[in-house]
Amino acid sequence: MDVLELYRRTGALLEGHFLLRSGLHSPLFLQSAALLQHPLYAEAVGEALGKLFEDEGVDFVIGPALGGVVLSFVVAKALGARALFAEKDGQGGMTLRRGLTVNPGERFLAVEDVVTTGESVRKAIRAAEARGGVLVGVGAIVDRSGGEAAFGVPFRALVRLGVPQYLPEACPLCRDGVPLEEV
Ligand SMILES: O=P(O)(O)OC[C@H]1O[C@H](OP(=O)(O)OP(=O)(O)O)[C@H](O)[C@@H]1O
Ligand SMILES: O=C(O)c1cc(=O)[nH]c(=O)[nH]1
Ligand SMILES: [Mg+2]
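As the structure is a computational prediction, the values presented were derived from the model and not from experiment. (Residues numbered from 1 in each chain as written. Chains lettered and ligands numbered in written order. Predicted model: local features only at pLDDT ≥ 70, side-chain atom pairs only at ≥ 80, totals over all residues. Heavy atoms only, no water.)

UniProt annotation of "domain: Phosphoribosyltransferase" (unreviewed entry) refers to residues 33–148 when read in the numbering used here. Along residues 33–148 one finds 36% helix and 28% strand; the C-alpha atoms at either end are 24 Å apart. (UniProt positions renumbered as here; feature names shortened; annotations may be inferred. Helix = DSSP H or I, 4+ residues; strand = E, 2+ residues; numbered from the N terminus.)

Take a look at the structure:
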């Protein structure tokens, strides 16, 4: 599956000067909601990502809201597992709400649309582990961490991108006066 072509085709591959969740700046932004709004593309992505973990005995999939909600659903459907999501807890972490529960010892796969630092998916992982879940893998549509993100379990992505990302004080786009976009 040519994932980047799907991002491109759906207008989800943005070029400019973007503020990332981590505070880093980048000339490229993958707007996954624009891709995942198409159920057929979302399902195809879910099947491709699920396939990478089909031997892991996954009981449930979890992703960090919002980007991880649709993705968790389509991957879980492909794996015949439950689809959970974690939400911001207002204190910098994430938690399970809305009656979503984990049975202690259940094996789970954490999914993320785009991994930059991995901090967001790590918060969802902590929320599931706090309820007794056992992490067996991390899956992403796009890994743009440059090999930096690691979770102590297999981390597999549909595509790995080497994209420039800068600390604000070292950002050449800022130096050139390119307006910063918060997407
Ligand atoms: O690996 P990280 O450095 O944490 O960055 C990547 C995260 O940033 C985006 O989510 P965002 O927090 O913008 O919110 P959203 O999912 O609600 O769009 C994206 O969906 C990932 O969750
Ligand atoms: O790091 C991020 O916040 C980020 C990068 C990206 O390409 N897409 C996205 O949704 N978030
Ligand atoms: Mg997100």
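This brings us to the UniProt feature "binding site: 5-phospho-alpha-D-ribose 1-diphosphate" (unreviewed entry) in the chain. Within this numbering scheme, the UniProt entry marks Arg-21, Lys-88, Glu-112, Asp-113, Val-114, Val-115, Thr-116, Thr-117, Gly-118, Glu-119 and Ser-120 as carrying the feature "binding site: 5-phospho-alpha-D-ribose 1-diphosphate" (unreviewed entry). With respect to the helices and strands, Val-114 occurs in strand S6 (residues 107–115). With a relative accessible area of 16%, Val-114 lands in the buried category. Among residues more than four places away in sequence, those in contact with Val-114 are Tyr-7, Leu-30, Ser-32, Val-142 and Arg-144. Along the polypeptide, Ser-120 turns up in helix H5 (residues 119–130). For Ser-120, a relative accessible area of 25% gives the class partly exposed. In this view, Ser-120 contacts Arg-21, Pro-64, Met-94 and Glu-112; residues no more than four positions away in its chain are not counted. (Buried < 20%, exposed > 50% of the residue type's maximum accessible area, 1.4 Å probe, protein only. Contact = heavy atoms within 4.5 Å.)

Between the first and last C-alpha of helix H4 (residues 67–79) there are 19 Å, a value that for 13 residues agrees with the 18 Å anticipated at 1.5 Å per step. Those residues of H4 lying buried are Gly-68, Leu-71, Ser-72, Val-74, Val-75, Ala-76 and Leu-79. Where H4 is buried, its residues meet helix H3 (39–51), strand S3 (60–64), strand S4 (82–88), S6 and strand S7 (134–143). (Expected span 1.5 Å × (residues − 1).)

Let us now look at the site of ligand 2. Taken together, Leu-20, Arg-21, Phe-29, Leu-30, Val-114, Thr-116 and Arg-144 form the complete shell of residues around ligand 2. Between ligand 2 and the protein, one listed contact pairs an oxygen atom with a side-chain N or O atom of Thr-116 at 2.6 Å. A breakdown of the residues in the shell around ligand 2 according to their chemical character gives four nonpolar, one polar and two charged. (Near = heavy atom within 4 Å. Polar contact = N/O pair within 3.5 Å; in protein donor to acceptor, adjacent residues only side chain to side chain. Nonpolar A, V, L, I, M, F, W, Y, C, P; charged D, E, K, R; others polar.)

Relative to the helices and strands, Ser-145 is located in the loop between S7 and strand S8 (155–160). Residues contacting Ser-145, with those up to four places away along its chain left out, are Val-115, Thr-116 and Gln-165.

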